[in-house]
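# Architecture and fold: a report
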Amino acid sequence: MPVSQMPPRQPFLLLLAASLLLLGGCATPSRPPATAATAAGACPACPACPAPGAAPMCPPTTALPPPPAAKPLQAARWEDLPGWGEDDLGAAWPAFLQSCRGLVGKKEWALWRPACDEAQGLAASPGGKPDNGTLRRFFESRFQPYLLTNPEGTTEGMITGYYEPLLKGSRKPTGPGRYAVLGVPEDLLTIDLSELYPDLKNYRLRGRLVGNKVVPYWSRAELMAKEDREGRDGLKARTLLWVEDPIELFFLQIQGSGRVKLPDGGIVRLGYADQNGHPYQSIGRVLIERGDLKPEQASMQGIQAWARANPAKVNELLNANPSYVFFRELDLPATEGPIGALGVPLTPERSIAVDPRSTPLGAPVFLSATQPNSNKLLRRLVLAQDTGGAIKGVVRADYFWGYGAEAGALAGRMKQSGQMWVLLPPGLGPR
């Protein structure tokens, strides 16, 4: 029976079952370890000791409740932002205007509109690019800074990097190009939970129908095995392009966008279209756990070097990550960045990917970190314009470096500790 024809209660049960299947398993509480005292039959902390030979009379113990989680947004002052007065805000200004375009029509647009209307007025003024002083006064008058804070109360988190890679490929599986870039499969279901449960607005379930049941969509390993059994048509997904290198294709999926150079010199732009619903698993961590790489070697460049030295093991390694990304072709000018989750082009070194559960898409964020593998400071205003499967947590960001080999070298080595302050208009902060 189609979902639309089921009784009101049945779709809820179906979605609940699908969420249990697709969003992860249940955690079982572990048994508390026995101490030396309890193992010997004595009380760990009795107010009085029993007579010799008598059974210990221990008072009943009460489990202490866990400490309350820290609020993710802590009100801050502008002077708390290190380097706020030194940043070139003009470099972030085009990205901020892009955020305003992406926020039009969103649920919170009424709260963003006063700042965006003023920004449009400033952009229309003679010169079109206000000076630093004007921009600093604009942000300080229109926004309140909030320090992003982890549940345990810490304020530092991981800042990684990503970029737009260039691959070699073709429209047909001839010559060296033989690894398929797939479009969205016809049998992939994407269920947006926000229509039923507004609190789950950032969650989507992916699956496929088997009879009248929704089951998890194929994992990466299952997709590859299905292709071996049934051929390319068995995947029910259109092949957009063929590229030369499986590890480069894997990193294209991690970046979420890229460019492919065709034999005639033409360039095809690719963007994220959808994902199979399985969680992302770091293959760098897999290589570390196997002892194939040391932690300091598990950069993008280190993984690529390992793959080229071990071609027979590449498929097994890639299948350790069950996540699989599907693409679409984009019609974009060569001068514009890829399209992020906000729906606007990303700006090199001024756009970041965030976890939208704590950092609203479109928001300005002041980032305080360091350059890749360096103590050189990286303190600047950036815009939350993208998301990523591995970008989970309050103080967590992926810094967009841009396009090409130099951007890739920086992105592949970036794994820094940093702090983040999100700037929110009145009414959008915590109540």
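Structure's up top.
All values derive from a computational prediction rather than experimental measurement.

What counts as what
Residues numbered from 1 in each chain as written. Predicted model: local features only at pLDDT ≥ 70, side-chain atom pairs only at ≥ 80, totals over all residues. Heavy atoms only, no water. Helix = DSSP H or I, 4+ residues; strand = E, 2+ residues; numbered from the N terminus. Buried < 20%, exposed > 50% of the residue type's maximum accessible area, 1.4 Å probe, protein only. Contact = heavy atoms within 4.5 Å. Areas by Shrake-Rupley, 256 points an atom, 1.4 Å probe, with all protein chains shown as cover. Core = buried A, V, L, I, M, F, W, Y, C linked by side-chain atoms within 4.5 Å. Patch = residues over 30% accessible without salt bridge, like charges linked within 9 Å, V, L, I, M, F, W, Y side chains within 5 Å. Salt bridge = Lys/Arg side-chain N within 4 Å of Asp/Glu carboxyl O. Disulfide = S-S within 2.5 Å. Pairing = 2+ DSSP bridges. Axes fitted to C-alpha atoms, helices over the stretch in contact; angles between N-to-C directions.

A separate point is the overall build of the protein. Within the protein, the secondary structure is distributed over 11 helices and 17 strands. Counting every position in the protein, which comprises 431 residues, the buried fraction comes to 44%. A fraction of 77% describes how many contacts in the protein between residues 6 or more apart in sequence connect residues 24 or more apart. For the protein, the accessible surface area stands at approximately 23000 Å², while carbon and sulfur atoms represent 55% of it.

Turning our attention to the nonpolar core. Judged by nonpolar contacts, the single largest core of 69 residues is most densely connected at Phe139 and Met420. No other element matches the eight residues that helix H3 (residues 89-103) contributes to this core. Those residues in contact with Phe139, other than ones at most four positions away along the chain, are Trp78, Trp84, Leu89, Trp93, Phe96, Pro364, Leu381 and Leu423. Ranked by size, the runner-up nonpolar core spans 13 residues in total, among them Val181, Val268, Val325 and Phe327.

The next subject is a nonpolar patch on the surface. A surface patch of nonpolar side chains, amounting to about 270 Å² of accessible area, comprises Leu166, Ile267 and Tyr403. Of note, Tyr403 is situated in strand S16 (residues 396-403). Judged by its relative accessible area of 38%, Tyr403 falls in the partly exposed class.

Attention shifts here to the state of the cysteines. For the structure shown, the criterion picks out one disulfide. Residue pairing for Cys100: its cysteine sulfur links by disulfide to Cys116, the two sulfurs lying 2.1 Å apart. Because the sign of the S-S torsion sets the handedness, a value of about -85 degrees for the bond joining Cys100 and Cys116 places this disulfide among the left-handed ones. Of this pair, Cys100 sits in helix H3 while Cys116 sits in helix H4 (residues 109-123), placing them 16 residues apart in sequence. Here Cys100 matches Cys116 in class, with each residue buried.

Overall, antiparallel pairing links the three strands, which are arranged S6-S7-S8 in an open sheet. Looking along the sheet, the strands with just one partner apiece sit at the ends: strand S6 (189-192) and strand S8 (213-216). Sheet twist, expressed as the average angle between the axes of neighbouring strands with direction ignored, equals 55 degrees. Bridging between strand S7 (residues 204-210) and S8 involves four bridges; their strand directions are antiparallel. Each residue of the ladder has a partner; that of Leu209, found in S8, is Val214.

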